[in-house]
Each structure stands twice: as C-alpha cells, then as structure tokens.
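# Working through the structure, step by step
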Amino acid sequence: LSERLQKALRSLTGKGKISEEDINKASREIRLALLEADVNFKVVKDFIKQIKKDALGKEVQESLNPGQQIIKIVDEELTKMMGEESVSLNKSPHIPTIIMMVGLQGTGKTTTVGKLANYLMKKDKARPLLIAGDIYRPAAIDQLKQIGDNLNVPVYSELDNKDVAEIVKHGLQEADKNKNDYVLIDTAGRLEIDEQLMDELKRVTEVAHPDNTLLVVDAMTGQAATKVAEGFNADLDLTGIILTKLDGDTRGGAALSIRAVTGLPIIFTGQGEKLTDLDSFYPDRMASRILGMGDMLTLIEKAQQDYDTKEAEKMAEKMRENTFDFNDFVDQMEQVQKLGPIDQLIKMIPGMANNPALKNIQIPDNEIDHIKAIVYSMTPEERENPDILNPSRRRRIAAGSGMPIVQVNRMIKQFKQSKEMMQKMTSGNMKGLENLPGM
Ligand code: GDP
Ligand code: MG
C-alpha cells in the first residue's frame, strides 16, 4: 500500500495552493492507509473530513510538492490528535500513590504491573508493593510473585480469600505499615467485558481510590480496542491507557481510535515481554507508524531543512559580498512569511508574550504583499542596484505598483536599514552566530 500511496502522491505536482483535486486524490489513499492500520472506521471518516478542511487552499511550501504537503498536514494532525506530548502518571500528595491496572484477559496487565514497578524504581527510587487482585487462577498469583521475586519487590496476596476488595484493603494496610510509596494493583480480566467483572473492579475502586486507573490494551486487537476502552471508561474513571504489544507488526491504529473516542491519554507502551520493555508514549512516532510513511516523513523534513539551510547560506554569502538586493529582500520576506503570522511569531519569543508594549501589536498581513508589489514594479536593473533609485524612478515605481510614494520611500529605507543591520551581523563582530544552524 505504501508504494501505491507514494505513487499517487507523486502524481500530484505543481506549486501554489493545495487544490480540491490534490486532496481528493490523496485522501483516498490516506483513508486506506488508516484503515489498514486498523483505525476505527468512524474515526477515519471524521479525520479525513478534518484534513480536507485544513488542507484546502494551504500554500504548498517551496521545497515540497502538494502530495508531500498533504502528508505533512496529515502527520501533524495525527500527532495533535494523539496528544501533543507525553503524559505522566498522577502522583498522590501523600504516600502511597495507588495505581490500578484493568483490562481484558491476556492484554498484559500482570506483566505491565511488573514493568511499571521496575520503571518507578529506576526513575523515582520507588519502594512499591504489588497486590495480587486476580484470584481466580492460582497461576495468576504465582505469575505476579515471580515478577516480584525478579524485581525484589514485595507482593501482597491471600490464597483463601474470595473477596478481592477485602484483599486490596488489607494490602493497602500492609503498604501503610511498610511505608511503601507506590502500590500497584493487578486485577483479573475476562475475554469480554461483563457485569460481574465491572462490579468487582468498581468495589476495588471504592476501597482503593486509585490515583491512576490504567486500562491495558493489546495494540494487536485493533478496532475492537475502541469498544473495550469505551466499556471500561463508562464504569470506571480511567485516567490513562497503556498500549501493549507494540513490538508486534501492528501499525497501532488502536492508539488513534482509543484516543479519539475516549479522549484518554496514552501514557505508556509495551514493547516486549521483558520487564524493561516499557516506553513512554510519543505521539509523533506513533503518527508516522500509523501512517506507515516513516521514510516519506523523513524525506519531507529533510527537504525542508536543506532548502532553508541553502537559502540562509545564500543570504549570508550575499551579505559578505555586499550584493544583497531587492530580489533577495523579497526572497527573505517570503522565508519569514512561511513561518506564519508575524505577530504570533513575536509571541513565541521568550518574554515577549506578555510584554505590554506588544499587547496590541498589529502587523498587517498584506505588508509583505505591498513590498512585493513595489519590488515587482522595479526594472531588473533597479532591483539589483538599489542605489540608482532617484526620485523620478521612485515616482514611476509608485505609479506602477499603485502604492503611494511615501510607502515606496519607506520601503526603500527599510531595505537599506535591514541590509545594514544584517551586514553588521555577518561582518565578524557577532562571530558566534556562525555556529547557528543556517549561518
Ligand atoms: P494479563 O492477563 O492481562 O495479566 O496478561 P499478562 O501480563 O499475563 O500477559 C499476557 C501475555 O502477553 C504474556 O505472555 C506476556 O508475556 C505477553 N505480553 C505482555 N505485554 C507484552 C508486550 O508488550 N509485548 C509482547 N510481545 N508480549 C507482551
Ligand atoms: Mg494477569
């Protein structure tokens, strides 16, 4: 499929804005890619609708073709949908922080209890206690005890008690006595959600008041995972998801579906059977995995970087040779324009966001267009030799571009100022800048 997709996208050529046709061609393939990654059907439908809205009329960046530009938008949107950054566990203000693991049978609850204990010990020097809340199969208790032995962590269990909530209560008393800072509760699962299981889990919740109720989901189960997550979330106040078995060859569409349907953050991923095979969740990595276009995304990123670096180097070279002219001025404006609205850019500079002086800053969007209009009304000779712009030439340019003469004069002044400023920056007294990317 990926090959077909790449072919389809290559067929979209041309520059300018993304057209409806570009989107329609691409969205068919993107839909298939997502469905193949086992993303829930309805989620795919909503997603494509959103992409169509976002992509239409978007400027295609100089360094990309429309197909690549659409993929970039899709990738960014996917990343955003899965939560922009990795989320951490809730921590209780007093010990112990309680973590309860729930999920269907075989998803990896017991294993993940061990992985998480190991993770917390490494990261937080934690002293966890594990509670064996899956009492229906003796093997389940043994399995947890084995994990506890491996990690050198105590496991609380009761062999003859059939009341799980009571076992958990006793386990928590034990943790208080031993001043454990984390308690991890393993619970039973079923092949499907049923009322009896939910009742039991609810009763455990009432006793334990977990700070984290984590649903463990097998990434290989694909579409079905959505229903399971919805079901558990309806009865328990889930706080997050752990997606296991991502070391398999699944593309991981479950991540997107679950997130879209429940809004719950995916906190960790399981990457194997060993106790160290636990990873934080990285939305950007997951997005490219779901798209199945890792190579393409790397290519897009690189094309952009190369382009920007090349441009910046060219400018610096011109500064040094003192050949920076109006053509370059326009190029540079366009580079800046590519970054987004200027007033928003300014707000991203540390300390600027709340600067009262900038509170009402208004930079007209069409400022750059006006500059371009003026430059385009110059003869090629004038563009390359700004010094020959005498008053009569300026008047002609003003008339040709439909701009008032004062604006033409102001623009020429701006050009000279920015040229001067940049010359200073490249002429040695700011040597350190040479080490910056693109300098
Ligand atoms: P539980 O029934 O939910 O407690 O599931 P278990 O923890 O017993 O795990 C069921 C099976 O899945 C075991 O064989 C685990 O080794 C395996 N397993 C759990 N997590 C992962 C994972 O992230 N990757 C792989 N490959 N296997 C896993
Ligand atoms: Mg288990």
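To keep things clear, this report deals only with the structure shown in the data block. (Residues numbered from 1 in each chain as written. Chains lettered and ligands numbered in written order. Predicted model: local features only at pLDDT ≥ 70, side-chain atom pairs only at ≥ 80, totals over all residues.)

## Topic: the overall build of the protein
Helix and strand content of the protein: 18 helices and 8 strands. Within the span of the protein, comprising 439 residues, buried residues form 34% of the whole. Taking all contacts inside the protein whose residues are at least 6 apart in sequence as the whole, residues at least 24 apart take part in 75%. (Helix = DSSP H or I, 4+ residues; strand = E, 2+ residues; numbered from the N terminus. Buried ≥ 20, exposed ≤ 12 C-beta atoms within 10 Å, placed from the backbone. Contact = placed C-beta atoms within 7 Å.)

## What to know about unusual backbone geometry
For the peptide bond that leads from Ile95 to Pro96, omega is -5°, which places it in the cis range. For Pro96, the location among the structural elements is in the loop between helix 4 (66–81) and strand 1 (97–102). Unusually for a residue other than glycine, His209 sits at a positive phi of about 40°.

## A word on the pairing of strand 2 (residues 128–133)
Among the 6 residues that make up strand 2, 6 are buried, leaving the element largely enclosed by the rest of the structure. Along strand 2, one buried face is formed by Pro128, Leu130 and Ala132 and the opposite face, lined by Leu129, Ile131 and Gly133, is buried too. Pairing of strand 2 with strand 4 (residues 182–187) involves 6 bridges; the strand directions are parallel. In the strand pairing of strand 4, Gly133 is matched with Thr187. Inspection of the sheet shows strand 2 paired to strand 3 (residues 155–156) by 2 bridges, in the parallel sense. Across the sheet, residue Leu130 finds its bridge partner in strand 3, namely Val155. (Pairing = 2+ DSSP bridges.)

## As for the site of ligand 1
Taken together, 18 residues lie near ligand 1, and Gly108, Lys109, Thr110, Thr111 and Gly270 sit nearest. Here the element with the most residues in the shell around ligand 1 is helix 5 (residues 109–124); it accounts for 3 residues. The class makeup of the residues in the shell around ligand 1 is 1 nonpolar, 12 polar and 5 charged. (Near = placed C-beta within 6 Å. Nonpolar A, V, L, I, M, F, W, Y, C, P; charged D, E, K, R; others polar.)

## Concerning the sheet that holds strand 2
With mixed pairing, the 8 strands of this open sheet are ordered in space as 3-2-4-1-5-6-7-8. Edge positions in the sheet fall to strand 3 and strand 8 (278–280), since each of these pairs with one other strand and no more. Sheet topology places strand 7 (residues 266–270) next to strand 8; 3 bridges connect them, and they run antiparallel. Residue pairing for strand 8: Thr269 is matched across the bridge by Asp279. Against the sheet, helix 9 (residues 224–235) touches strand 1, strand 5 (212–218) and strand 6 (240–244), its axis set at about 160° to strand 5. Contacting strand 5, strand 6 and strand 7, helix 10 (residues 253–262) runs over the sheet at an angle of about 165° to strand 6. (Axes fitted to C-alpha atoms, helices over the stretch in contact; angles between N-to-C directions.)

## Considerations on the pairing of strand 6
With 5 of 5 residues buried, strand 6 lies mostly within the body of the structure. Burial along strand 6 is two-sided: Gly240, Ile242 and Thr244 and Ile241 and Leu243, pointing in opposite directions, are all buried. Where strand 5 lies against strand 6, 5 bridges are found, and the strand directions are parallel. When the sheet's bridge partners are listed, Leu215 is paired in strand 6 with Ile241. This β-α-β element, strand 5 to helix 9 to strand 6, shows right-handed connectivity. Once the chain exits strand 6 it traverses helix 10 before rejoining the sheet at strand 7, and the crossover so formed is right-handed. (Right-handed = clockwise from strand over helix to strand, strands pointing away.)

## Re helix 4
Here helix 4 contains 16 residues, and its C-alpha end-to-end distance of 22 Å stays within 8% of the 22 Å for a straight helix at 1.5 Å per residue. Where helix 4 is concerned, the buried positions are Pro66, Gly67, Gln68, Gln69, Ile70, Ile71, Lys72, Val74, Asp75 and Leu78. Phi turns positive one or two residues past the end of helix 4, at Gly83, with a value near 95°. (Expected span 1.5 Å × (residues − 1).)

## Let's talk about the environment of Val183
Along the polypeptide, Val183 turns up in strand 4. Taking the C-alpha atoms as reference points, Val183 and Arg127, separated by 56 residues in sequence, lie 8.8 Å from one another. The contact partners of Val183, leaving out residues within four places of it in the chain, are Pro96, Ile98, Pro128, Leu129, Ile131, Gly171, Leu172 and Ala175.

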